[in-house]
Amino acid sequence: QVQLVESGGGLVQAGDSLRLSCAASGRTFSSYAMGWFRQAPGKEREFVATISGSGAVIYYADSVKGRFTISRDNAKNTVYLQIHSLKPEDTAAYYCAGHGRQNLIATDRSRYDSWGQGTQVTVSS
């Protein structure tokens, strides 16, 4: 397990950009594949993006391709989610998560054993 803390959410207008950050502590960060999920009110937690431990392999949900970019800086023990052209339907609590199989690309939340507290993104129209 690794401890995770998200930051960077806020109230923005449609078309704006945000960069979410997730700072990790504990076991060696590069040993963890990392993911981002989001959950809107009344909906289930939804997969957004994932990145392998080295950063070499990246996978996105179809709904965010072209607008969202996941990246990581292992020297800083941090994973990022850059979001462009925000839409009202992007409004959700965004969570980062990790698992210790660094080369496993996982889209289901049951694969992840470490979770942050979430950061709220609200997009006004």
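Note: the structure precedes this text.
Note that the coordinates shown come from a computational prediction; the quantities given were computed from them, not determined experimentally.

Calculation notes
Residues numbered from 1 in each chain as written. Predicted model: local features only at pLDDT ≥ 70, side-chain atom pairs only at ≥ 80, totals over all residues. Heavy atoms only, no water. Helix = DSSP H or I, 4+ residues; strand = E, 2+ residues; numbered from the N terminus. Rg over C-alpha atoms; globule rule 2.2 N^0.38 Å. Contact = heavy atoms within 4.5 Å. Areas by Shrake-Rupley, 256 points an atom, 1.4 Å probe, with all protein chains shown as cover. Lys, Arg positive; Asp, Glu negative; His and termini not counted. Charge placed at Lys NZ, Arg CZ, Asp CG, Glu CD. Buried < 20%, exposed > 50% of the residue type's maximum accessible area, 1.4 Å probe, protein only. Phe/Tyr/Trp six-rings, centres within 6.5 Å; stacked < 30°, edge-to-face > 60°. Lys NZ or Arg CZ within 6 Å of the ring centre and 35° of its normal.

A. Up close: the overall build of the protein chain. A count of helices and strands for the protein chain gives 0 helices and 11 strands. Starting at the N terminus and walking to the C terminus, you meet the elements of the protein chain as β-β-β-β-β-β-β-β-β-β-β. A globule of 125 residues ought to have a C-alpha radius of gyration of about 14 Å, and the protein chain, at 13 Å, matches this closely. Taken along the three principal axes of its C-alpha coordinates, the protein chain extends 40 × 25 × 25 Å. Intrachain contacts of the protein chain at a sequence separation of at least 6 include 60% that bridge at least 24 residues. Surface summary for the protein chain: the accessible area is close to 6300 Å², and the carbon and sulfur share equals 45%. Computed over 13 positive and 10 negative side-chain charges, the separation of the two mean positions in the protein chain equals 4 Å.

B. Focus on unusual backbone geometry. Positive phi outside glycine occurs at Asn77, with the angle close to 50°. Tracing the sequence through the fold places Asn77 in the loop between strand 7 (68-73) and strand 8 (78-83). Given a relative accessible area of 24%, Asn77 falls into the partly exposed group. In this structure, Ser85 is a non-glycine residue whose phi angle is positive, near 50°.

C. Just the packing of aromatic side chains, in detail. Taken as a whole, this structure holds 5 aromatic pairs when the rule is applied. Taking the centre distance of 5.7 Å and the plane angle of 75° together, the rings of Phe37 and Phe47 count as edge-to-face. One end of the pair, Phe37, is in strand 4 (residues 33-39); the other, Phe47, is in strand 5 (residues 46-51), and 10 residues separate them in sequence. This pair shows no difference in class: Phe37 is buried, exactly as Phe47 is. Their ring planes at 25° and their centres at 6.0 Å tell us that Phe47 and Tyr59 sit as a pair that is stacked. Taken together, the residues span a long stretch of sequence, with Phe47 in strand 5 and Tyr59 in strand 6 (residues 58-60) at a distance of 12 residues. Given the relative accessible area of 11%, Phe47 is considered buried. One aromatic cluster in this structure is built from Phe37, Phe47, Tyr59, Tyr112 and Trp115. The positively charged end of Arg45 is found above the aromatic ring belonging to Tyr95, 3.7 Å away from the centroid.

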